[in-house]
Amino acid sequence: QVQLVESGGGLVQAGGSLRLSCAVSGRTFSTYAVGWFRQAPGKEREFVAAITWRGGSTYYADSAKGRFTASRDNAKNTVYLQMNNLKPEDTAVYCCASTLYGSGWPYEYHYWGQGTQVTVSS
């Protein structure tokens, strides 16, 4: 019903910035929220940020507060994650995910993208 494709990952130096994009297709008008997650080698998947599709309300993990900003452009069916002041510990595969339901806000999702690699060098 919903497909998500991430882009924008790459290699940056510590202190640099990247903007990730998540293109959402399918039942976009029924989407409640889109979340961002990351997973580093040998570590569990970690919640990063979330944004509601209709109202643009956001929620951030402590590790992202003050550095990352989620936004969306509904006309383009795209969600963004602006990442500033990147640190080596931000290195991970970043995935976006969506849900049709608000009951699990901000942590629970049902459709997942394939991920984009972010590498931060020291």
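As the structure is a computational prediction, the values presented were derived from the model and not from experiment.

Enquirer: Mind laying out the state of the cysteines, listing which residues take part and the relevant values?
Expert: Applying the stated rule across the entire model yields 1 disulfide. Here C22 engages in a disulfide with C96; their sulfurs sit 2.1 Å apart. Measuring the twist about the S-S bond at about 75 degrees, one finds the C22-C96 disulfide to be right-handed. Placement of the pair is C22 in strand β3 (residues 18-26) and C96 in strand β9 (residues 92-99), with a sequence separation of 74 residues. In terms of burial, C22 and C96 fall into one category: buried. Here C95 stays free of any disulfide, with the sulfur of C96 as its closest cysteine sulfur at 7.4 Å.

Enquirer: How would you summarise the packing of aromatic side chains if you had to cite specific residues and measurements?
Expert: Scanning the entire structure with this criterion turns up 7 aromatic pairs. Ring plane angle 40 degrees and centroid distance 6.2 Å describe the contact between F47 and Y59, whose orientation is recorded as tilted. Highlighted residues: F47 in strand β5 (residues 46-52) and Y59 in strand β6 (residues 58-60), separated in sequence by 12 residues. Their ring planes at 90 degrees and their centres at 5.8 Å tell us that Y59 and Y107 sit as a pair that is edge-to-face. Residue Y59 is found in strand β6, and its partner Y107 is found in the loop between β9 and β10 (111-112); the two are separated by 48 residues along the sequence.

Calculation criteria
- Residues numbered from 1 in each chain as written.
- Predicted model: local features only at pLDDT ≥ 70, side-chain atom pairs only at ≥ 80, totals over all residues.
- Heavy atoms only, no water.
- Disulfide = S-S within 2.5 Å.
- Helix = DSSP H or I, 4+ residues; strand = E, 2+ residues; numbered from the N terminus.
- Buried < 20%, exposed > 50% of the residue type's maximum accessible area, 1.4 Å probe, protein only.
- Phe/Tyr/Trp six-rings, centres within 6.5 Å; stacked < 30°, edge-to-face > 60°.

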